[in-house]
Amino acid sequence: QAMEAQRARARASTKFTATEATRFSPRTDDDLASLTDTFVGYTDTKSHSKVEHLFRTDGTATAMLESGEKGFAILDRTSFYLEAGGQVSDTGCLSTADNRKSVAQVDRVERLGQSGPRVHHVHVKSGQFGVGDVVSANVDHERRDAIRRNHTATHLLHAVLRAHLGTHVKQAGSLVAPDRLRFDFAHDGPISLDTLAGIERDVNKHIYSNKSIETEI
């Protein structure tokens, strides 16, 4: 009874709250899931794109989003990495290529269905955006670089964990964000402080070596 009372106190005093991110749910007769877009974000953090579709926050299609409005945009090509595999999506902005000086903040990117196009969660800060507009899609490259460093660090941590604890260690989940990473794995017991210090030392040794990274396909 005392244990259950303590659990109740712990639950009541928790500081953590869960919030559901707004997801895109289109209300249109168009078959959007069959649309394709081109991702150029592996090599570029900026792309010149055409606005193919715009939607209001309730999912209804619209030809225009005005200053102050939030909504969703589908582009024909994008440099924004979407949230996947534990890695958070890119953020940044869209701006018009003409003299309207329209700017929209991109807060998040998700995929429509299993293989549909990327959907950009946008907040129009100035001007207006219309279907058919040509825009400059700019990723926050400093934030992207921070995410990339933490992504690389998950691989370094995975390798060092296997070296210290055994080859049974396999990634069971992760979070790759600009300010931190989380790496989930299963092990058959607690890890001693000495072993933890050794893991940290070896990961840092690889980081300090500052080796260049090359991509081979």
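Residues numbered from 1 in each chain as written. Predicted model: local features only at pLDDT ≥ 70, side-chain atom pairs only at ≥ 80, totals over all residues. Heavy atoms only, no water.

> Would you mind showing me how to read the packing of aromatic side chains here?
Two aromatic rings, taken as a pair, are described by how far apart their centres are and by the angle between their planes. Under the criterion given, the structure shown has three aromatic pairs. Measuring from ring centre to ring centre gives 5.0 Å for Phe 39 and Tyr 42, while their planes differ by 85 degrees; the resulting arrangement is edge-to-face. Ring geometry for Phe 39 and Tyr 81: centres 6.4 Å apart, planes at 65 degrees, overall edge-to-face. Here Phe 39 is found in strand β1 (residues 38–39), whereas its partner Tyr 81 is found in the loop between β6 (77–78) and β7 (92–96), with 42 residues between them in sequence. These aromatic residues form a ring-pair network of at least three members: Phe 39, Tyr 42 and Tyr 81. (Phe/Tyr/Trp six-rings, centres within 6.5 Å; stacked < 30°, edge-to-face > 60°. Helix = DSSP H or I, 4+ residues; strand = E, 2+ residues; numbered from the N terminus.)

> Sorry if this is basic, but what is going on with helix α2 (residues 141–165) here?
Relative to the 36 Å expected for 25 residues at 1.5 Å per residue, α2 spans 36 Å between its end C-alpha atoms, a close match to the ideal helical length. All of the buried residues along α2 are Arg 144, Ala 146, Ile 147, Asn 150, Ala 153, Thr 154, Leu 157, His 158, Val 160, Leu 161 and Leu 165. Taken together, the buried residues of α2 touch β11 (134–139), β12 (173–176), β13 (181–184) and α3 (193–209). Capping of α2 at its N-terminal end is provided by Asp 140; its side-chain oxygen lies 3.4 Å from the backbone amide nitrogen of Glu 142. Among the residues trailing α2, Gly 166 stands out with phi positive, at a value near 125 degrees. (Expected span 1.5 Å × (residues − 1). Buried < 20%, exposed > 50% of the residue type's maximum accessible area, 1.4 Å probe, protein only. Contact = heavy atoms within 4.5 Å. Polar contact = N/O pair within 3.5 Å; in protein donor to acceptor, adjacent residues only side chain to side chain.)

> Please clarify how unusual backbone geometry should be interpreted in this entry.
Both trends apply: most residues other than glycine have a negative phi, and most peptide bonds are in trans. With a phi angle near 55 degrees, Asn 210 is a residue other than glycine that sits in the positive phi range. Tracing the backbone through its elements, the reader meets Asn 210 in the segment after α3. Look at Asn 210 and you get exposed, because its relative accessible area is 65%.

> What should I look at first to understand the pattern of salt bridges in this one?
Oppositely charged side chains may form a pair once their charged atoms are brought near each other. Enumeration over the complete set of coordinates arrives at nine salt bridges. In this structure, the salt-bridge partner of Glu 110 is Arg 108, at a minimum N-O distance of 3.7 Å. Accessibility classification places Glu 110 together with Arg 108 in one group, the buried group. Between Asp 179 and Arg 180 there is a salt bridge; the shortest N-O distance is 3.3 Å. For Asp 179, a relative accessible area of 58% translates into the label exposed. A cluster of three or more residues bridged by salt bridges with shared partners is formed by Glu 83, Arg 108 and Glu 110. (Salt bridge = Lys/Arg side-chain N within 4 Å of Asp/Glu carboxyl O.)

> Looking at this model, I keep getting lost on the side chain of Asp 90. Mind explaining?
Topologically, Asp 90 is positioned in the loop between β6 and β7. When near neighbours in sequence (up to four residues on either side) are disregarded, Asp 90 contacts Ser 79, Phe 80, Tyr 81, Arg 108, Val 109, Val 139, Arg 143, Arg 144 and Ile 147.

> In this structure, what is going on with the environment of Val 134? I would like to understand it.
Among the structural elements, Val 134 can be located in strand β11. Overall, the relative accessible area of 47% leaves Val 134 in the partly exposed class. Distance in space between the C-alpha atoms of Val 134 and Leu 35 is 18 Å, their sequence separation being 99 residues. Not counting the four nearest positions on each side in its chain, Val 134 is found in contact with Ser 49, Lys 50, Thr 96 and Ala 97.

> I tried to follow the pairing of strand β5 (residues 70–75) on my own but got confused; where do I start?
Consecutive side chains of a regular strand alternate in pointing toward one face of the sheet and then the other. Burial runs high along β5: five of the six residues are buried. In the sheet, strand β2 (residues 46–56) pairs with β5 via five bridges, with the strands oriented antiparallel. Pairing of Leu 54 across the sheet is with Ala 73, part of β5. Where β5 and strand β9 (residues 118–126) come together, four bridges link them in antiparallel fashion. By the bridge assignment for β9, Phe 72 is matched with His 121. (Pairing = 2+ DSSP bridges.)

> Could you clarify how one ought to interpret the nonpolar core in this entry?
Across soluble globular proteins, nonpolar side chains have a tendency to be buried as a group. Leu 75, Phe 80, Leu 94, Ala 104, Val 106, Val 122 and Phe 129 are the most contacted members of the largest nonpolar core, which has 17 residues in total. Contributions of two or more residues to this core are made by β2, β5, β8 (103–111), β9 and β11. In this structure, Phe 129 is in contact with Leu 54, Ala 63, Met 64, Leu 65, Leu 94, Ser 95, Thr 96, Ser 102, Val 103, Ala 104, Val 124 and Val 135, ignoring residues within four places of it in sequence. (Core = buried A, V, L, I, M, F, W, Y, C linked by side-chain atoms within 4.5 Å.)

Read these as geometric descriptors, not functional statements.
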